[in-house]
Amino acid sequence: MTEPTHDEAHGGALGERLNWLRAAVLGANDGIVSTAGLVVGVAGATDDRSALLTAGLAGLLAGSMSMAAGEYVSVSTQRDSEKAALAQEKRELREQPEAELEELTELLERRGLSRDVAQEAAVQLTERDALKAHARVELGIDPDRLTNPWHAAWASFLAFTAGALLPLLAMVLPPAEWRVTVTVVSVLAALALTGWSSARLGAAAPGRAMLRNMAGGALAMAVTYAAGSLLDVAGA
């Protein structure tokens, strides 16, 4: 009889995957809105294709690099904190093993185990790998899977770039008389998709999230287009 297979992700692996997906969706959303606002604003002042392309590329590169740098710094700080917490836990295990065993027992009790079962589990976990047991139960850290700042930076860079390419291409590829219309329609459709995706990842109703996303993008494009048009009229 064939053994059933079960490849479903659980626990930390699933949570980590969902966090990465949310970050990718939000990064793409930022790229769409910021670049759309930029190129639509420039389109309000000029219909010169080279000016639109230059502004769009500059915004794409500046935004993607800023996202990547910010994510790298943020996740590096988190990783440093995780390492410091693990180092302190390792020192405490070395200096006061009995107190740490009691602490682990109490933590397991709080999770619903009886005193005897919690104590036996704590002893077995400590004998197997004391640091890993305390890291996971007490600190909520997996020592084998610390956050990676480079992964986070590249993910943010690529997500922002992917999102920013849509309004940039929608603005520079069509004929001049269709550029703004094509860009607005494309951006609103993309924002509806990212709003739906973020809502589904958060197990929320997608309709309201889609409307919020589209309204925010539409407002950004309207404001920047108006600003660009005023600058054109003023001859700036």
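Values in this document were obtained by computation on a predicted structure and should not be read as measured data.

Requested: an account of the pattern of salt bridges, with residues and values cited.
Under the defined criterion, the tally for this structure stands at three salt bridges. Close ionic contact of Glu102 with Arg115 constitutes a salt bridge, the shortest N to O distance being 2.9 Å. Residue Glu102 is located in helix α3 (residues 97-110), and its partner Arg115 is located in helix α4 (residues 115-139); the two are separated by 13 residues in the primary sequence. Linking Arg136 and Asp142 is a salt bridge whose minimum nitrogen-to-oxygen distance equals 3.4 Å. A relative accessible area of 23% places Asp142 in the partly exposed class. Linked by salt bridges that have partners in common, Glu102, Glu109 and Arg115 make up one network.

Tell me about helix α5 (residues 149-172), residues and numbers included.
Here α5 contains 24 residues, and its C-alpha end-to-end distance of 34 Å stays within 8% of the 34 Å for a straight helix at 1.5 Å per residue. At the N-terminal boundary of α5, the capping side chain belongs to Asn148, with an oxygen 2.9 Å from the backbone nitrogen of Trp150.

With reference to specific residues and values, describe a nonpolar patch on the surface.
Taken together, the side chains of Trp150, Trp154 and Leu158 make up a nonpolar region of the molecular surface, amounting to roughly 400 Å² of accessible area. With respect to the helices, strands and loops of the structure, Trp150 is situated in helix α5.

Quick one: what's the story with the nonpolar core, residue by residue and with numbers?
Most often, soluble globular proteins have nonpolar side chains that are buried together. Formed by 18 residues in total, the largest nonpolar core has its most connected members in Ile32, Leu52, Leu168, Met171, Val187 and Met221. Where this core is concerned, the elements lending two or more residues are α1 (11-45), α2 (49-95), α5 and α6 (179-201). Each residue touching Ile32, except ones within four places of it in the same chain, is listed here: Gly163, Ala164, Pro167, Val187, Ala190, Leu191 and Thr194. The next biggest cluster of nonpolar side chains, apart from the first, holds seven residues, and it includes Leu104, Leu107, Leu108 and Ala118.

About the criteria used
Every residue gets a number counted from 1 within its own chain, in the order that chain's sequence is written. Totals for whole chains, interfaces and linings use every residue, but because this is a predicted model, local features are given only for residues with pLDDT of at least 70 and side-chain atom pairs only at 80 or more, for both listing and counting. Each side-chain value is worked out from all heavy atoms of the structure, with water and hydrogens disregarded. Only one rule defines a salt bridge in this text: a Lys or Arg side-chain nitrogen within 4 Å of an Asp or Glu carboxyl oxygen. Strands are runs of DSSP state E lasting at least 2 residues, helices are runs of H or I lasting at least 4, and numbering of each runs from the N terminus. For the exposure calls, accessible area comes from a 1.4 Å probe over protein chains only, and a residue counts as buried if that area is under 20% of its type's maximum, exposed if over 50%, partly exposed in between. Any helix carries an expected span of 1.5 Å times its number of residues minus one. Polar contacts here mean pairs of N or O atoms no more than 3.5 Å apart (in protein, one a potential hydrogen donor and the other a potential acceptor; neighbouring residues in sequence count only if both atoms are side-chain atoms). Residues with no salt bridge and a relative accessible area higher than 30% make up the patches, which join like charges within 9 Å and nonpolar side chains (Val, Leu, Ile, Met, Phe, Trp, Tyr) within 5 Å. Shrake-Rupley sampling with a 1.4 Å probe provides the accessible areas, and residues are treated as covered by the protein chains on show and by no other component. The term nonpolar core refers to a set of buried residues drawn from Ala, Val, Leu, Ile, Met, Phe, Trp, Tyr and Cys, joined through side-chain atoms within 4.5 Å. For this analysis, residues touch if any pair of their heavy atoms sits within 4.5 Å.

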